[in-house]
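So you can see what is in the structure, the chains are spelled out below.
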Amino acid sequence: MAQFKEFPSAQALNEQFAEEIAAALSHSISVQGEASLVVSGGRTPLGLFEALTQQAIEWSKVSITLADERWVEANDDSSNEKLVREHLLKGHAATAKFVGLKNSHATPFAGAADTERALQSIARPFDVVILGMGDDGHTASLFPGAENLFPALAMDSGRVCMGMTPLTAPLDRITLTLPALLNSRHIYLHVVGGSKRDVYQRAIQGTDVNEMPIRAVLHQTQTPVDVYWTA
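Residues numbered from 1 in each chain as written. Predicted model: local features only at pLDDT ≥ 70, side-chain atom pairs only at ≥ 80, totals over all residues. Heavy atoms only, no water.

Draft legend 1. Local environment of the overall build of the chain. When helices and strands are tallied, the chain shows eight helices and ten strands. By the compact-globule yardstick of 17 Å for 231 residues, the chain fits well, its C-alpha radius of gyration being 16 Å. Within the chain, buried positions represent 54% of all 231 residues. Partitioning the intrachain contacts of the chain with sequence separation of at least 6 by distance along the chain shows that 74% fall at a separation of at least 24. Of the roughly 9700 Å² of accessible surface on the chain, 49% is carried by carbon and sulfur atoms. Distance between charge centroids for the chain: 2 Å, based on 18 positive and 26 negative side chains. (Helix = DSSP H or I, 4+ residues; strand = E, 2+ residues; numbered from the N terminus. Rg over C-alpha atoms; globule rule 2.2 N^0.38 Å. Buried < 20%, exposed > 50% of the residue type's maximum accessible area, 1.4 Å probe, protein only. Contact = heavy atoms within 4.5 Å. Areas by Shrake-Rupley, 256 points an atom, 1.4 Å probe, with all protein chains shown as cover. Lys, Arg positive; Asp, Glu negative; His and termini not counted. Charge placed at Lys NZ, Arg CZ, Asp CG, Glu CD.)

Draft legend 2. Summary view of the pairing of strand β2 (residues 35–39). Buried residues dominate β2, accounting for five of its five residues. Relative to strand β3 (residues 62–66), β2 is paired through five bridges, and the arrangement is parallel. Bridging across to β3, V39 finds its partner in L66. Following the chain from β2 across helix α2 (residues 46–52) to the adjacent parallel β3, one finds a crossover that is right-handed. When β2 meets strand β6 (residues 128–131), the two strands line up parallel, connected through two bridges. Within β6, the residue paired with V38 across the bridge is V129. (Pairing = 2+ DSSP bridges. Right-handed = clockwise from strand over helix to strand, strands pointing away.)

Draft legend 3. Layout of the sheet that holds strand β1 (residues 3–7). With parallel pairing, seven strands are arranged side by side in an open sheet as β1-β10-β9-β6-β2-β3-β5. Two strands lie at the open edges of the sheet, namely β1 and β5 (97–98), each paired on one side alone.

Draft legend 4. Layout of the environment of N75. Here N75 shows up in the loop between β4 (68–70) and α3 (80–87). For the pair formed by N75 and A118, sequence separation is 43 residues and the distance between their alpha carbons is 20 Å.

Draft legend 5. Fine view of the nonpolar core. Within the largest apolar cluster, 77 residues are counted, with the highest numbers of intra-cluster contacts made by L37 and I64. The greatest single-element share of this core, amounting to seven residues, is contributed by helix α1 (residues 10–32). (Core = buried A, V, L, I, M, F, W, Y, C linked by side-chain atoms within 4.5 Å.)

Draft legend 6. Examining helix α4 (residues 108–119) more closely. Those residues of α4 lying buried are P108, G111, A112, T115, E116 and L119. Projected down its long axis, α4 shows its buried positions confined to an angular sector of 155°, all on one face. Elements that come into contact with the buried residues of α4 comprise β3, β7 (161–164) and β8 (173–176). (Arc of directions from axis to C-beta.)

Draft legend 7. Representation of the pattern of salt bridges. Scanning the entire structure with this criterion turns up eleven salt bridges. Between D77 and K82 there is a salt bridge, with its nearest N and O atoms 2.4 Å apart. For D114, the salt bridge goes to R117, with nearest N and O atoms at 2.2 Å. Of this pair, D114 and R117 both sit in helix α4, three residues apart, roughly one helical turn. For D114, a relative accessible area of 32% gives the class partly exposed. (Salt bridge = Lys/Arg side-chain N within 4 Å of Asp/Glu carboxyl O.)

Draft legend 8. View of the side chain of H138. Within the element layout of this structure, H138 appears in the loop between β6 and α5 (149–153). Excluding anything up to four places from it in sequence, H138 contacts G132, M133, F143, P144 and P213.

Draft legend 9. Representation of unusual backbone geometry within the structure. For the bond from R124 to P125, the omega torsion is 10°, close enough to zero to count as cis. Structurally, the position occupied by P125 is in the loop between α4 and β6. The residue L171 is not glycine, and still its phi comes out positive at about 75°. Mapped onto the fold, L171 is located in the loop between β7 and β8.

Draft legend 10. Spotlight on the packing of aromatic side chains. Enumeration over the complete set of coordinates arrives at six aromatic pairs. With 5.2 Å between their ring centres and 35° between their planes, F4 and Y200 make a pair best called tilted. Highlighted residues: F4 in strand β1 and Y200 in helix α7 (residues 194–205), separated in sequence by 196 residues. The class of Y200 is buried, set by a relative accessible area of 3%. When the centroid spacing of 4.9 Å and the interplanar angle of 55° are considered together, the rings of F17 and Y188 count as tilted. Residue F17 is found in helix α1, and its partner Y188 is found in strand β9 (residues 187–192); the two are separated by 171 residues along the sequence. Among the residues examined, Y188 registers a relative accessible area of 5% and is labelled buried. Taken together, the ring pairs in this structure connect F7, F17, Y188 and Y228 into an aromatic cluster. It is R197 that lies over the ring of W229; its NZ or CZ is 4.6 Å from the centre. (Phe/Tyr/Trp six-rings, centres within 6.5 Å; stacked < 30°, edge-to-face > 60°. Lys NZ or Arg CZ within 6 Å of the ring centre and 35° of its normal.)

Geometry only, nothing functional implied.
Below you can see the structure in the form of structure tokens.
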């Protein structure tokens, strides 16, 4: 079961969270010479990204990728890659290696195999995975009721990422699969606001992953999950 941690403010959460991430990455660098970080898009992590840019670790030995991406060009305002490049890959973190999920294929379904090959450059297990959660209970681009949801949740698929067409959001996406996300040392669910706390409470009280895919992360026992929340 996930561990729920409440913070008095977004600033307090972001500062402590950034320090913990930096410590985990530095530990992996000291042990294996490299480290990996998986981040999510949206507005919630922007303050965390800014706090991370101030952490003076060996970022040149850190590889960063995304939990999911909209299938748009990297300069599109909807692109998570654009968000990361503008808010995380700067300051101390400017020297980190970034591996994007979008490629030149017309669709994420056609491009998934090439994305999987690109991600082979990142050592696994991932050191830190940071996920968000939508009001509908989706995480990464694992969306309720989506046609590819159960293949993406299957632990025996052998797949690292898959294309996804959400029923509740625009644009086709590419997402890391559940086995890829769980192939990590630590998962954090980063949520802000009273409504997201209510969604989290609904998620932990039920078991239907088709209704709320975040349950597949919260109810598993393979990888530790901490929920970082502030109002």
